[in-house]
Each structure stands twice: as C-alpha cells, then as structure tokens.
Amino acid sequence: SCDKGTNLKIGAESVHYNARVDGYGNALRQENRADFYALLRHQFNGRLSASLNLRQALVTRYHPPFTPSLGVEYTVFNRAFTKIMLNGNVSLSYRVPTLNERYWVNSGNPDIRPERGFNKEAGITWKQRLTENRQMQLSLTAFHNLIDDWTYWNPDRNYRVENLQQVLSKGLEVAWGL
C-alpha cells in the first residue's frame, strides 16, 4: 500500500423495471432509474485519508437531490500486531419508495413520499493480529441519522404504507470478528 496518493472512480448504472406481479394487481409497473457518481479518495500520508463521494440519481416521477458524502480515517496507532483507527462520515441520503411500498394491493401507497436524510457517524476500530493468518477486529461506531418522511408499514392500519414526518435514529453499533 502507498503512503500517499489520490484515486478517482467515476461511474454510472441504470436499471429499467418492468414488473407484472400478482401483488400489484393487473397493471404493468414500469420505472427507470440511473445513478451517476464520482468517488475521490486521497491518502495524505500513512495515517490520514479522506474520501468524497458525489452522487446524483435519476428516477421516473421523482426528483432526487444531489447526495454527497465526506469521510475521514486516521490511524492513531500502528505497530506490528496492533492497529487502531478513528473514522467519521457525514452524508445526505435519499431513498425512493420501492415498488412494493407504492403498488402492493391494499397496503401500498402510490402517494408515498421519498425519504430524505442527514447522516453522521464516528467510530474507532481495533485490529489485532493473533497469528500469521488470523486477525481479530473490534469496531465501535456511534451514529445519528435524521430522516424526513421515513417510510413505515403501519400495523394499526392493516400495514398500509405511510410516511412518518421525521425520525431520529441514533445509537452505538458494535462489531467483532475473527
């Protein structure tokens, strides 16, 4: 691995949906989706890197906003068998309702609004080499996501899909693996 350098990835993808599903009734549901993105990653030195992701989606009948994200990673400690890293990320998010959420007979809602959010997270990762071929990793990540128009299958209304005005999702995630 190099101590310094910049990587740029540019890409696009597109999907055309042609869905005729019993659960949608007799209608053929069609939709076009496309995503354009640029990911810029820079390794400042052996300890600090940053990434900037720029994304623009296009979806039939929707107007997705530009959704950038910015992340940083800093290696606090790096020795032969132990590595400790801090990381953080901020991003805008946008989620178009699924075809099921819009068209499922008796539950779907064709007027459901897309979710929009502002997301933040910060974490620490400890990697410990146990043997030549075995490594342990422990990560703790705190997150804070503020989502407008959260999509919700409401059990009080026979699981009819609705939007919740605003939802704050926050917490701590722990991951451990060998």
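Check the entry above for the structure.
What counts as what
- Residues numbered from 1 in each chain as written.
- Predicted model: local features only at pLDDT ≥ 70, side-chain atom pairs only at ≥ 80, totals over all residues.
- Heavy atoms only, no water.
- Helix = DSSP H or I, 4+ residues; strand = E, 2+ residues; numbered from the N terminus.
- Rg over C-alpha atoms; globule rule 2.2 N^0.38 Å.
- Buried < 20%, exposed > 50% of the residue type's maximum accessible area, 1.4 Å probe, protein only.
- Contact = heavy atoms within 4.5 Å.
- 1 Å grid on protein atoms, 1.4 Å probe; cavity = no way out; pocket = protein on both sides within 12 Å on 5 of 7 lines; lining within 4 Å.
- Points joined across faces, edges and corners; volume = space filled by probe spheres on them.
- Nonpolar A, V, L, I, M, F, W, Y, C, P; charged D, E, K, R; others polar.
- Patch = residues over 30% accessible without salt bridge, like charges linked within 9 Å, V, L, I, M, F, W, Y side chains within 5 Å.
- Areas by Shrake-Rupley, 256 points an atom, 1.4 Å probe, with all protein chains shown as cover.
- Salt bridge = Lys/Arg side-chain N within 4 Å of Asp/Glu carboxyl O.
- Pairing = 2+ DSSP bridges.
- Axes fitted to C-alpha atoms, helices over the stretch in contact; angles between N-to-C directions.

*Asks:* Describe the overall build of the protein, and please don't skip the residues or the numbers.
*Replies:* When its secondary structure is counted, the protein shows one helix and eight strands. If you list the helices and strands of the protein from N to C, you get β-β-β-β-β-α-β-β-β. At 21 Å, the protein has a C-alpha radius of gyration far larger than the 16 Å of a compact globule built from 178 residues. Taken along its principal axes, the extent of the C-alpha atoms in the protein is 65 × 35 × 30 Å. Taking all 178 residues of the protein together, the buried fraction comes to 30%. Counted over contacts in the protein with a minimum sequence separation of 6, partners at least 24 positions apart contribute 53%.

*Asks:* With reference to specific residues and values, describe the layout of surface pockets.
*Replies:* Reported here for the largest pocket is a volume of approximately 330 Å³. Looking at the largest pocket, it is lined by 17 residues, and the ones nearest its centre are Arg33, Asp35, Ala57, Tyr94 and Val96. Counting residues per element, the ones that place at least two in the lining of the largest pocket are strand S1 (5-19), strand S2 (29-43), strand S3 (48-59) and strand S5 (82-95). The element best represented in the lining of the largest pocket is S5, accounting for four residues. Taken together, the residues that form the lining of the largest pocket break down as ten nonpolar, two polar and five charged.

*Asks:* So what's going on with a nonpolar patch on the surface? Residues and values would help.
*Replies:* Nonpolar side chains collect at one region of the surface, where Leu8, Ile10, Leu40, Leu52, Leu54, Phe66, Leu70, Val90, Leu92 and Phe118 lie side by side and expose about 870 Å² of accessible area between them. Of all the elements in the fold, those that place two or more residues in the nonpolar patch are S1, S3 and S5. Relative to the assigned elements, Val90 resides in strand S5. Here Val90 falls in the partly exposed class, since its relative accessible area comes to 36%.

*Asks:* Run through the sheet that holds strand S4 (residues 69-78), naming residues and quoting values.
*Replies:* Reading across the sheet, the eight strands line up as S1-S2-S3-S4-S5-S6-S7-S8 and stay open at both edges, with antiparallel pairing between neighbours. In the strand order of this sheet, the two ends are held by S1 and strand S8 (160-177), each with one partner. For this sheet the average axis-to-axis angle between neighbouring strands, irrespective of direction, equals 15 degrees.

*Asks:* A description of the pairing of S8 should follow, citing residues and the corresponding values.
*Replies:* Relative to S8, strand S7 (residues 134-154) runs antiparallel, the two sharing 17 bridges. Across the sheet, Leu140 pairs through a bridge with Val174, a residue of S8. Two successive antiparallel strands, S7 and S8, enclose a turn made up of five residues, where Asn158 displays a positive phi of approximately 60 degrees.

*Asks:* Outline unusual backbone geometry, supporting the account with residue identities and numerical values.
*Replies:* At Asn158, a position not held by glycine, the phi torsion is positive, near 60 degrees. Here Asn158 is to be found in the loop between S7 and S8. The class of Asn158 is exposed, set by a relative accessible area of 58%. Positive phi, close to 60 degrees, is recorded for Tyr159, a residue that is not glycine. Counting through the fold element by element, Tyr159 comes out in the loop between S7 and S8. The exposure class of Tyr159 is partly exposed, given its relative accessible area of 47%.

In short, the description is geometric, and any link to function would need to be established separately.
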